[in-house]
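# An overview of the molecular structure
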Amino acid sequence: MDFQRYVSQVDLSKMTLADLISTVAAAAMVFGGVVPYIPQYRTIRRTLNCDGFSTFVCFVLIIANILRVFFWFGKRFEAPLLAQSILMIAAMLAMVEVCVRVKNKSEIIQGKQHSLRGLPVAGSSHSFYHCLVDLDWTYFWRWTDFLSYVEFVLLVSAILSLTTYIFIDNDVYVESVGFLAVFIEAMLGTPQLHKNYTNKSTKGMSVSMVVMWLSGDTFKTGYFIIRESPMQFWLCGTLQICVDLLILSQVLYYSLYPSRGAALKHSS
């Protein structure tokens, strides 16, 4: 295998400090992105409550990283960034799975089930047509079964596979995919920001997660600048840092003025 050949050719005795730092930084880029979600994942499993976490954060990251993977086919960038995207998609699906499982367990009275596929119709073989008719966009990404999320990810991947195969040599298409990837990722924190504003509280949200967001976004933005990555990447990182700071300011505000936040929620 190429990877095994590469490893066998590595001479550690000739590795300089700069090479070591570069290797550690690359490893941090691959695994550092998912680390902030470990405290939130553990909190949800421990408390059996996911009300403080917005699953639309997972939606944003899944779409952004799927786009980034397909951007790689049209414009090759560093392998650690590609590996990070694949790992992040898997991590976000794990976050969605635990949220769906906890919500289903916590409901004393089971409400109407919502799925991407819609409800089956007795004696009908037109399941795809029924899916389009029955789909309630009010419950988009609020489905009650995990399989619907997996099917949606596969559907998006299939569509992008087809369009990328057709337009792989079109620079406008490739650059558009890259721009959408970084722009959507830059909006990562906005669902959580909106959820905190709606709840007038940050209760249930892992502050450690946001602090790690800020640390990771600062690190990766510096990494993008130093490695001279495409401009879209470090612009995305800068915007993410600003959103992280806004969320932390919400934590501070609702901690100092909890009664004011409750009054605002009651009045709205």
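About the thresholds
Residues numbered from 1 in each chain as written. Predicted model: local features only at pLDDT ≥ 70, side-chain atom pairs only at ≥ 80, totals over all residues. Heavy atoms only, no water. Helix = DSSP H or I, 4+ residues; strand = E, 2+ residues; numbered from the N terminus. Contact = heavy atoms within 4.5 Å. Core = buried A, V, L, I, M, F, W, Y, C linked by side-chain atoms within 4.5 Å. Buried < 20%, exposed > 50% of the residue type's maximum accessible area, 1.4 Å probe, protein only. Salt bridge = Lys/Arg side-chain N within 4 Å of Asp/Glu carboxyl O.

### With respect to the environment of Ile-247
Tracing the sequence through the fold places Ile-247 in helix α11 (residues 231-256). The spacing of Ile-247 and Val-207 is 40 residues in sequence and 9.2 Å in space, taken between C-alpha atoms. In this structure Ile-247 touches Gly-189, Gln-192, Leu-193, Asn-196, Met-205, Val-210 and Trp-213, once residues within four positions along its chain are discounted.

### What to know about the nonpolar core
Among the nonpolar cores identified, the biggest contains 62 residues, and Tyr-37, Met-92, Trp-141 and Phe-152 are the most heavily contacted of them. Elements represented by at least two residues in this core include exactly α2 (17-32), α3 (37-47), α4 (56-74), α5 (79-106), α7 (146-167), α8 (171-186), α10 (207-226) and α11. Setting aside its immediate chain neighbours within four residues, Trp-141 contacts Thr-55, Phe-56, Cys-58, Phe-59, Ile-62, Val-96, Tyr-149 and Phe-152.

### Focus on the pattern of salt bridges
Tallying each qualifying case throughout the model produces five salt bridges. Taking the shortest distance from any N to any O, the salt bridge between Glu-185 and Arg-68 comes out at 2.6 Å. Of the two residues, Glu-185 sits in helix α8 while Arg-68 sits in helix α4, which places them 117 residues apart along the sequence. Here Glu-185 matches Arg-68 in class, with each residue buried. Asp-217 serves as the salt-bridge partner of Lys-220, at 3.6 Å between the closest nitrogen and oxygen. Of the two residues, Lys-220 and Asp-217 both sit in helix α10, three residues apart, roughly one turn of that helix. The same class applies to Lys-220 as to Asp-217, namely buried. When salt bridges that share partners are traced, they join Arg-68, Glu-185, Asp-217 and Lys-220 into one network.

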